[in-house]
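So you can see what is in the structure, the chains are spelled out below.
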Amino acid sequence: MPDSLMIDFAKPIPLFPLAACALLPHATVPLHIFEPRYRQMTREALDSTGLIAMAVLKSPRSKHQNQSNPPLREHVCVGYVVRHEKLHDGRYNILLQGVCRAKIVREVEHQPYRLALLEPTELGTPMEIDLGEERARLEALLSDPLLKQLAAVSAIHQWLSREVPTAALVDLVILSLCQDPEQRYAMLAEANVEARADWLERYLRQVRRTLEMAQRLGPAVSEDGFPLN
């Protein structure tokens with residue numbers, strides 16, 4: 001799989017727009033490709049670089065049902081097709097892995113799907129030694145017995161291995177736990193890994209406070225949709 005330094009950003013990259021942020025770097029998302037234009041996009045991507053940029057619509061899909069190219073938000077996640085299955089009728093099941101954050105410079109006239117020139121927004125990742133304090137605080141929170149009651153947090157422990165870089169850990173945890181589309185997009189747009197780690201720490205502490213309150217008050221569901229019983 002390529003990294004951001006191996007991507008030729010001088011060439012346009014296909015855009016696959018969705019209503020909300022569905023992918024961050026290091027994470028994977030399964031996609032079922034059924035629209036004819038996106039079948040062609042997938043076929044041509046597989047025949048070339050394997051890259052597809054997951055874009056985000058500026059407004060809900062219902063507001064532009066009659067628009068073929070509705071407005072997009074600036075920030076995207078460039079992904080790479082790590083696995084694919086072509087079905088007998090031309091549809092695809094693909095697994096897209098996030099490679100890097102980027103933003104749309106300009107769209108390139110193209111049919112039937114959209115292409116854009118992009119530029120990366122993360123121009124380097126701090127060394128692990130520089131993220132040691134952030135890593136320690138996040139691992140302590142993710143190991144907290146109260147938070148580990150959540151199935152999503154329990155599943156995250158496979159990523160606490162030192163082989164998983166802190167930047168990857170942060171993105172994986174955000175995508176797994178945070179369901180709010182605006183918060184997800186904000187973390188896609190945030191190029192600074194320390195800022196993302198700080199946001200995630202605050203988010204986890206807020207979830208823990210919600211769980212503590214739920215324990216005192218009885219079974220409930222948090223604002224984030226977490227079962228609290």
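These numbers were taken from a predicted model, which means no experiment stands behind them.

### Thoughts on the layout of surface pockets
Then, in step 1: The space that makes up the largest pocket amounts to roughly 320 Å³.
Then, in step 2: The wall of the largest pocket is formed by 20 residues, among which Pro25, His26, Val99, Glu122 and Thr125 lie closest to the centre.
Then, in step 3: Elements supplying a minimum of two residues to the lining of the largest pocket: strand 5 (92-108) and helix 4 (166-177).
Then, in step 4: For the lining of the largest pocket, the element with the highest residue contribution is strand 5, accounting for five residues.
Then, in step 5: Classifying every residue of the lining of the largest pocket by side-chain character gives nine nonpolar, six polar and five charged.

### Focus on the pattern of salt bridges
Then, in step 1: What the rule picks out here adds up to 16 salt bridges.
Then, in step 2: Among the salt bridges present, the one from Glu35 reaches Arg37, with a minimum N-O distance of 3.2 Å.
Then, in step 3: Here Arg205 makes a salt bridge to Glu201, at a shortest N to O gap of 3.1 Å. Of this pair, Arg205 and Glu201 both sit in helix 6 (residues 193-217), separated by four residues, roughly a single helical turn.
Then, in step 4: In this structure Arg205 comes out as partly exposed when scored by relative accessible area, which is 38%.

### Overview of the packing of helix 2 (residues 132-142) against helix 6
Then, in step 1: Running from amino to carboxyl end, helix 2 crosses helix 6 at an angle of 25°, the nearest separation of the two axes being 10 Å. For the element pair helix 2 / helix 6, the angle class is roughly parallel. For the pair helix 2 and helix 6, the crossing hand works out as left-handed. Judged by residue contacts, Glu134, Arg137, Leu138, Leu141 and Leu142 of helix 2 engage Glu194, Ala197, Asp198, Leu200, Glu201, Leu204 and Arg205 from helix 6.
Then, in step 2: Along the lines of polarity and charge, the residues of the contact of helix 2 with helix 6 split into six nonpolar, no polar and six charged.

### A look at empty space enclosed by the protein
Then, in step 1: Scanning all chains against the criterion turns up one cavity of 30 Å³ or more.
Then, in step 2: Here the largest cavity defines a volume of roughly 30 Å³.
Then, in step 3: Lining the largest cavity are Leu18, Ala20, Cys21, Ala22, Leu23, Met54, Ala55 and Val56.
Then, in step 4: Take the lining of the largest cavity: its biggest share by element is three residues, from strand 3 (residues 51-56).

### Points about the state of the cysteines
Then, in step 1: Throughout the structure, instances matching the rule amount to zero disulfides.
Then, in step 2: Sulfur of Cys77: no disulfide; nearest cysteine sulfur belongs to Cys100 and is 7.1 Å away.
Then, in step 3: Classification of Cys77 by relative accessible area gives buried; the value is 0%.
Then, in step 4: The cysteine Cys178 is free of any disulfide, with Cys21 supplying the nearest cysteine sulfur at 9.1 Å.
Then, in step 5: Residue class for Cys178 comes out buried when judged on its relative accessible area of 0%.

### Quick word on the environment of Arg39
Then, in step 1: As for its placement among the helices and strands, Arg39 is situated in helix 1 (residues 36-46).
Then, in step 2: The sequence separation of Arg39 and Tyr92 amounts to 53 residues, and the corresponding C-alpha distance is 6.9 Å.
Then, in step 3: For Arg39, the side chain forms a polar contact with the main-chain oxygen of Phe34, separated by 2.8 Å.

Reading the values: rules and limits
Residue positions are counted from 1 within each chain, in the order its sequence is given. Reporting of local features is limited, given that this is a predicted model, to residues whose pLDDT is at least 70; pairs of side-chain atoms are given and counted only at 80 or more, and all residues count toward the totals for whole chains, interfaces and linings. Hydrogen atoms and water are omitted, and side-chain values are computed over all heavy atoms in the structure. A cavity, in this analysis, means grid points on a 1 Å lattice covering only the protein atoms where a 1.4 Å probe fits yet has no way out; a pocket is instead an open set bounded by protein on both sides within 12 Å along at least five of seven lines, and a residue lines either one if it has an atom within 4 Å of a point. Grid points are joined across faces, edges and corners, and a volume is the space filled by probe spheres set on the points. Counting from the N terminus, the helices are the DSSP runs of H or I reaching at least four residues and the strands are the DSSP runs of E reaching at least two. By the convention adopted, Pro, Cys, Tyr, Trp, Phe, Met, Ile, Leu, Val and Ala count as nonpolar, Lys, Arg, Asp and Glu as charged, and the other residues, Gly among them, as polar. Whenever Lys or Arg places a side-chain nitrogen within 4 Å of a carboxyl oxygen from Asp or Glu, that contact is recorded as a salt bridge. Remark: exposure states derive from per-residue accessible area (1.4 Å probe, protein chains only) relative to the maximum for the residue type, with buried under 20%, exposed over 50%, and partly exposed in between. In this description, a line fitted to the C-alpha atoms serves as the axis of each element, helices being fitted only across the stretch in contact, and the angle between N-to-C directions of two axes falls anywhere from 0 to 180 degrees. Oblique is the label for every angle not falling under 35 degrees (roughly parallel), over 145 degrees (roughly antiparallel), or within 65 to 115 degrees (roughly perpendicular). Crossing handedness: left-handed means the near helix sits turned counterclockwise from the far one by under a right angle, and right-handed means the same turn made clockwise. For this analysis, residues touch if any pair of their heavy atoms sits within 4.5 Å. By convention in this document, the label disulfide applies to cysteine sulfur atom pairs within 2.5 Å. As used in this structure description, the phrase polar contact means that two N or O atoms lie within 3.5 Å; if the pair is within protein, one of them must be able to donate a hydrogen and the other to accept it, and residues adjacent in sequence are counted only when both atoms belong to side chains.

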